[in-house]
Amino acid sequence: MADRRDPEALEREIERTRLELARTIDELADRVSPRNVAERGKARLKEEAEQVAKTARSFLYTEEPKDGEPGQINPKVVVIGVGVALTLTALALVKRRKRR
């Protein structure tokens, strides 16, 4: 049997569906807008950079610095840093001598 709904009810349903579709399209356009994508990327990068900085601080210091006061630097990090610097210097000198 054919659907015998009221034409006005059908028109209201069509209008409601059209408004929902327009809202959905607007939301999608907002999500893929280059400016909004860039802002989300910037926010995510900032969060990740803060996490990396926090991890680096926890590795570098034995105690977290407080209110502008320097924290106590982990001596193991100093030894590792000196070792890396000496190794890189030695490699640079060897490479330089090979060029001559």
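None of the values given here were measured: they were computed from a predicted structure.

## Comments concerning a positive patch on the surface
A surface patch of positive charge is lined by Lys95, Arg96, Arg97, Arg99 and Arg100. Its place among the elements puts arginine 96 in helix α3 (residues 75-99).

## Some words on the confidence of the model for the protein
Predicted confidence across the protein gives a mean pLDDT of 88, with 96% of residues reaching 70 or more. Across the protein, the secondary-structure element scoring lowest on mean pLDDT is helix α2 (residues 34-60), at 91, and the one scoring highest is helix α1 (residues 7-32), at 95.

## With respect to the packing of α1 against α2
Look at α1 against α2: their axes get within 5 Å of each other, and the N-to-C directions meet at 55 degrees. By the angle between their directions, the pair α1 and α2 is classed as oblique. Here α1 contributes Asp30, Arg31 and Val32 to the contact with α2, which in turn contributes Pro34, Asn36, Val37 and Arg40. Of the residues in the contact of α1 with α2, the class split is three nonpolar, one polar and three charged.

Criteria and thresholds
- Residues numbered from 1 in each chain as written.
- Predicted model: local features only at pLDDT ≥ 70, side-chain atom pairs only at ≥ 80, totals over all residues.
- Heavy atoms only, no water.
- Patch = residues over 30% accessible without salt bridge, like charges linked within 9 Å, V, L, I, M, F, W, Y side chains within 5 Å.
- Areas by Shrake-Rupley, 256 points an atom, 1.4 Å probe, with all protein chains shown as cover.
- Salt bridge = Lys/Arg side-chain N within 4 Å of Asp/Glu carboxyl O.
- Lys, Arg positive; Asp, Glu negative; His and termini not counted.
- Charge placed at Lys NZ, Arg CZ, Asp CG, Glu CD.
- Helix = DSSP H or I, 4+ residues; strand = E, 2+ residues; numbered from the N terminus.
- pLDDT = per-residue confidence, 0-100.
- Axes fitted to C-alpha atoms, helices over the stretch in contact; angles between N-to-C directions.
- Parallel < 35°, antiparallel > 145°, perpendicular 65-115°, else oblique.
- Contact = heavy atoms within 4.5 Å.
- Nonpolar A, V, L, I, M, F, W, Y, C, P; charged D, E, K, R; others polar.

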